[in-house]
Structures are given as structure tokens and as C-alpha cells.
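Here is what each chain is made of, one letter per residue.
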Amino acid sequence: MITFNNVRFTYGNGFFLKIDDLKIIKGDIISIIGPNGAGKSTLIKILSGILRNYKGEIILNHSELKNYSYKELSKKVAVVPQEFNTSFDYDLESIVSTSRIPFSKRISFFESEQDKRIIDKALQAVGLTNYKNKPFSSMSGGEKQKVMIARAIAQQTPILLLDEFSSHLDPGYTQSLLKIVKEMVTKERKTVLAVFHDVNNAALFSDKIIVMKNGSVKYSGTPAEVLNESVMNEIFEMDAYIIKHPIKKVPQILFK
Ligand SMILES: Nc1ncnc2c1ncn2[C@@H]1O[C@H](COP(=O)(O)OP(=O)(O)OP(=O)(O)O)[C@@H](O)[C@H]1O
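Let me begin by describing the structure that accompanies this report. (Residues numbered from 1 in each chain as written. Predicted model: local features only at pLDDT ≥ 70, side-chain atom pairs only at ≥ 80, totals over all residues. Heavy atoms only, no water.)

**Thoughts on the site of the ligand**
Step number 1: Close to the ligand lie 13 residues; N13, G37, K40, T42 and H197 are nearest.
Step number 2: With respect to the ligand, the side chain of N36 contributes an N or O atom lying 2.9 Å from an oxygen atom.
Step number 3: A distance of 2.7 Å separates an oxygen atom of the ligand from a polar side-chain atom of K40.
Step number 4: Across the complex, the protein chains shield 63% of the 640 Å² of accessible surface that the ligand would expose by itself.
Step number 5: Split into classes, the residues belonging to the shell around the ligand amount to four nonpolar, seven polar and two charged. (Near = heavy atom within 4 Å. Polar contact = N/O pair within 3.5 Å; in protein donor to acceptor, adjacent residues only side chain to side chain. Areas by Shrake-Rupley, 256 points an atom, 1.4 Å probe, with all protein chains shown as cover. Nonpolar A, V, L, I, M, F, W, Y, C, P; charged D, E, K, R; others polar.)

**Some points on the pattern of salt bridges**
Step number 1: Across all of its chains, the model carries ten salt bridges by this definition.
Step number 2: We note a salt bridge from D28 to K208, for which the minimum N-O separation is 2.7 Å. Of the two residues, D28 sits in the loop between β2 (16–24) and β3 (29–33) while K208 sits in strand β9 (residues 208–213), which places them 180 residues apart along the sequence.
Step number 3: You can call D28 buried: its relative accessible area is 13%.
Step number 4: Taking the relative accessible area as the measure of exposure, K208 reaches 30% and is therefore partly exposed.
Step number 5: In this structure, K132 and D120 form a salt bridge, with 3.5 Å as the shortest nitrogen-oxygen distance. Taken together, the positions of K132 in the loop between α4 (113–125) and α5 (141–154) and D120 in helix α4 put the pair twelve residues apart, joining distant regions of the chain. (Salt bridge = Lys/Arg side-chain N within 4 Å of Asp/Glu carboxyl O. Helix = DSSP H or I, 4+ residues; strand = E, 2+ residues; numbered from the N terminus. Buried < 20%, exposed > 50% of the residue type's maximum accessible area, 1.4 Å probe, protein only.)

**Structural notes on the packing of α4 against α5**
Step number 1: Remark: α4 packs on α5, axes separated minimally by 8 Å, with the N-to-C direction vectors making an angle of 140 degrees. Judged on the interaxial angle alone, α5 and α4 are oblique. Both α4 and α5 take part in a crossing whose hand is right-handed. Mapping the contact onto sequence places I118, A122, L123 and A125 in α4 and A150, I153 and A154 in α5. (Axes fitted to C-alpha atoms, helices over the stretch in contact; angles between N-to-C directions. Parallel < 35°, antiparallel > 145°, perpendicular 65-115°, else oblique. Left-handed = near helix turned anticlockwise from the far one by under 90°. Contact = heavy atoms within 4.5 Å.)

**A word on unusual backbone geometry**
Step number 1: Look at N6: it is not a glycine, yet its phi comes out positive at around 45 degrees.
Step number 2: Counting through the fold element by element, N6 comes out in strand β1 (residues 2–10).
Step number 3: On the accessibility criterion, N6 (49% relative accessible area) is partly exposed.
Step number 4: The phi dihedral of E164 falls on the positive side, at around 45 degrees, and the residue is not glycine.
Step number 5: Here E164 is to be found in the loop between β7 (159–163) and α6 (171–188).

**So, the packing of α5 against α6**
Step number 1: α6 packs onto α5 with a crossing angle of 5 degrees between their chain directions and a minimal axis gap of 11 Å. It follows from the interaxial angle that α5 and α6 lie roughly parallel. In this structure, α5 contributes G142, E143, Q145, K146, I149 and I153 to the contact, and α6 contributes Y173, S176, L177, I180, V181 and M184.
Step number 2: A breakdown of the residues in the contact of α5 with α6 according to their chemical character gives seven nonpolar, three polar and two charged.

**Focus on the packing of aromatic side chains**
Step number 1: A full pass over the atoms with the stated rule returns three aromatic pairs.
Step number 2: Ring plane angle 90 degrees and centroid distance 4.9 Å describe the contact between F9 and Y11, whose orientation is recorded as edge-to-face.
Step number 3: Take Y11: its relative accessible area is 42%, and that puts it in the partly exposed class.
Step number 4: When the ring of Y11 is compared with that of F15, the centres are 6.1 Å apart and the planes differ by 35 degrees; the resulting orientation is tilted.
Step number 5: Residue class for F15 comes out buried when judged on its relative accessible area of 16%. (Phe/Tyr/Trp six-rings, centres within 6.5 Å; stacked < 30°, edge-to-face > 60°.)

Next comes the structure, spelled out in C-alpha cells:
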């Protein structure tokens with residue numbers, strides 16, 4: 001569904017993203033892990049259409065990614081960013097409603113009845129219906145992340161990109177948001193790429209893990225295939241014990 005061929009990107013500051021060959025299959029939940037500065041967010045920004053001056057080929061549904069207009073790409077890819085701020089203090093409903101703009105047939109955007117239903121359902125899915133008229137600025141960090149997930153749900157795209165969306169959240173919020181996202185993507189067979197710093201959550205959440213370092217994909221495979229002591233040592237320079245989750249049977253990392 002998404003194929004990378006000899007993709008190269010640089011900000012011009014010495015960092016180089018080099019992805020020779022990578023295939024992302026429809027319906028897979030894929031986590032991207034790797035140390036700070038590995039290029040994880042850069043990869044997400046390329047796939048979201050923010051960074052377009054890469055070399056090589058990224059094929060999304062038979063067409064080169066660069067050739068999609070922003071509007072067309074917004075119908076295919078939704079992003080839950082690491083952080084989101086607005087210069088105006090919109091209420092939650094208005095923030096979520098921006099997800100429907102790509103589907104508008106007019107130049108100025110008026111929500112249809114169907115849009116309103118989709119927005120209500122998305123706010124309901126993350127448990128924020130009662131807050132929909134509250135200003136975004138009055139929400140906590142975790143609630144803001146829920147708003148961004150609702151926005152991505154309402155965008156109804158086949159691909160979802162999550163950039164460390166749980167990094168500021170407490171364990172309870174993290175678990176509930178991961179559950180919401182996993183249920184939704186499994187039900188609707190969405191393809192997900194999610195950047196994680198928490199390797200244990202990555203193992204629990206995903207079908208496959210991509211391990212990046214210095215701008216390249218070093219390993220990829222199921223959590224059981226890629227998460228072992230020597231990879232943790234090579235990639236993160238850490239001494240780790242690996243145990244098996246007692247119920248989910250995926251690897252879990254402990255500090256030595
Ligand atoms: N807008 C930018 N301009 C110049 N350099 C950038 C920019 N954004 C990121 N970089 C650099 O590119 C490299 C990769 O950054 P990126 O944000 O993709 O890493 P990451 O793996 O997401 O890191 P982290 O885990 O710390 O979020 C880093 O060296 C970073 O300093």
C-alpha cells in the first residue's frame with residue numbers, strides 16, 4: 001500500500017534519511033522506535049506531506065506521494081501530531097470539524113448534516129461529548145491528545161500516523177487512548193504508523209516494529225523478531241532483560 005524506493009531526505013544540516021526499501025501493508029499496525037534524532041518524526045512528516053523535497057519514490061496507492069495535492073492526501077492520511085497549538089482559541093467541536101474540510105465541495109466550508117454526525121461520533125469515541133463547546137486551551141495535555149485523536153477519527157482516512165502521541169500522558173490515559181485507537185483501526189482495517197519511545201507499548205500495540213537509527217531502518221519485523229537484548233544494546237546502548245508478557249506473549253523490556 002505504501003512503498004519506499006531509495007528515499008533520501010536531508011534538512012541540509014548533516015542529517016540524512018535513507019530508506020532503500022520499505023513496504024507498509026494495508027491493515028498493519030506498525031510502530032517506529034529508535035533513539036532521539038533517528039529520523040522517526042521526519043519519516044512521519046514526509047508521509048503527512050509536510051516535507052516534500054525528498055529524492056526517490058514513495059508510492060501510495062499506485063501514485064507518487066509528492067504528486068498528491070494537500071486536499072487529496074488529507075483524504076488518505078490523518079495525523080495525530082506530537083503537539084498541537086492554535087493561534088485562536090477554538091472550541092473542541094470546531095477543532096474536530098477541521099477534519100472534514102478536505103471533503104467539502106465548496107470553497108468556503110459549511111458542515112453538512114453528515115459531517116456533524118461524524119464529528120459527534122468521533123467526540124463520543126474519545127469520551128469528550130460533554131466538553132465539545134469548551135475552549136481547546138482549557139483542556140489538559142491528555143484531553144488535547146484525545147481531541148486530536150477525535151479529529152483523526154473524523155477525517156475517516158485509511159492511514160493514520162501517530163507521532164509519539166502518548167509521550168506526555170499518564171499510564172491510564174495512555175492505555176485508554178491506545179485501546180480506542182486499536183479498536184478503531186482493527187474494526188475499520190486502517191493502516192497505522194505510530195512513533196513510540198515506550199518500547200513496551202510499541203510491542204503491545206503493534207503487529208510490526210520498525211527500528212530506526214541515524215536516518216535508516218536497521219530492523220523490521222514482528223515485536224518477537226526485533227526486540228531482543230542485542231538489538232536494544234546496539235540501538236539504544238542499553239543493558240536490558242527481555243521477558244515475555246504473561247498474557248499477550250510479546251517481548252517486554254526491563255532495565256538491567
Ligand atoms: N526542521 C528541522 N530543521 C533542521 N533539522 C531538523 C529539523 N527537524 C529535525 N531535524 C533534525 O533531523 C534529525 C532527525 O530528527 P527527527 O525529529 O526526525 O528525529 P526523531 O527520531 O523523531 O527524534 P526524537 O525521538 O528526539 O523525537 C535530528 O538530528 C534533528 O535535529
